[in-house]
Each structure stands twice: as structure tokens, then as C-alpha cells.
Amino acid sequence: MRDPHSMPSVLTAAPDGRTRPSPLPACPVCVEVPERISWRQRPGEPVVLVFEPCGHRHTSPAPPVLAVTPPPPFTR
């Protein structure tokens, strides 16, 4: 029986390294993976995300809602 998870015999490099996984979401304007995302917010206003190094900005449609949940019950 063949191994369904076998590796291909020829490995190739990813083009331009763009398929590298990133913990950051891509910029919604230029679809590039940013090096850093900074955010700004004033009370009661939407959050503004700034993608660096491209400098594009993205504003949330509404102010975030803070939801606090109690910790899970202690069990032994």
C-alpha cells in the first residue's frame, strides 16, 4: 500500500518567498504581508490600523465592544 503522505521527489523553492506564513494579516490595499501593524484608537471611535512599511491605513467599521468573560471554574 502506498503512503498517502509521501514527499514529492523534487522540491522547489517558493517564488519570492511570498508564501511564507506570517502571523500578521495582509494589507487590504496592496495585499502584501506587512513587517509591522500599529494601531490607534480614541475612546468610542473605531480602531485605525497602520500597515508598515507600505503605510496604508484600515479603519474598523465600528468601535470594538469589550467583552469580559469569567474564568473557568477551578477543578482538581
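Residues numbered from 1 in each chain as written. Predicted model: local features only at pLDDT ≥ 70, side-chain atom pairs only at ≥ 80, totals over all residues. Heavy atoms only, no water.

Caption draft 1: Inspection of the side chain of S38 at higher detail. Its location among the elements puts S38 in strand β1 (residues 36–40). Judged by its relative accessible area of 16%, S38 is buried. Those residues in contact with S38 that lie beyond four places of it in its chain are V48, L49, V50 and E52. (Helix = DSSP H or I, 4+ residues; strand = E, 2+ residues; numbered from the N terminus. Buried < 20%, exposed > 50% of the residue type's maximum accessible area, 1.4 Å probe, protein only. Contact = heavy atoms within 4.5 Å.)

Caption draft 2: Up close: the pairing of strand β2 (residues 48–52). Looking at chain direction, β1 and β2 are connected through 5 bridges and run antiparallel. When the bridges of β2 are listed, R40 appears paired with V48. Where β2 and strand β3 (residues 57–59) come together, 3 bridges link them in antiparallel fashion. Residue pairing for β3: L49 is matched across the bridge by H58. Counting the residues that bridge the hairpin from β2 to β3 gives 4 residues, and of these G55 lies at a positive phi of roughly 85°. (Pairing = 2+ DSSP bridges.)

Caption draft 3: How the structure looks around the sheet that holds β3. Pairing is antiparallel in the open sheet, where 3 strands are placed in the order β1-β2-β3. Lying at the two open borders of the sheet, with one neighbouring strand each, are β1 and β3. Here the strands of the sheet are splayed against their neighbours by 25° on average, with no regard to which way each runs. (Axes fitted to C-alpha atoms, helices over the stretch in contact; angles between N-to-C directions.)

Caption draft 4: Spatial organisation of the pattern of salt bridges. In total, this model carries 1 salt bridge according to the counting rule given. Where E52 meets R36, a salt bridge forms, and the shortest distance between an N and an O atom there is 3.0 Å. With E52 in strand β2 and R36 in strand β1, this residue pair connects regions lying 16 residues apart in the sequence. Judged by its relative accessible area of 25%, E52 falls in the partly exposed class. The class of R36 is partly exposed, set by a relative accessible area of 48%. (Salt bridge = Lys/Arg side-chain N within 4 Å of Asp/Glu carboxyl O.)

These figures come from the coordinates and say nothing about function on their own.
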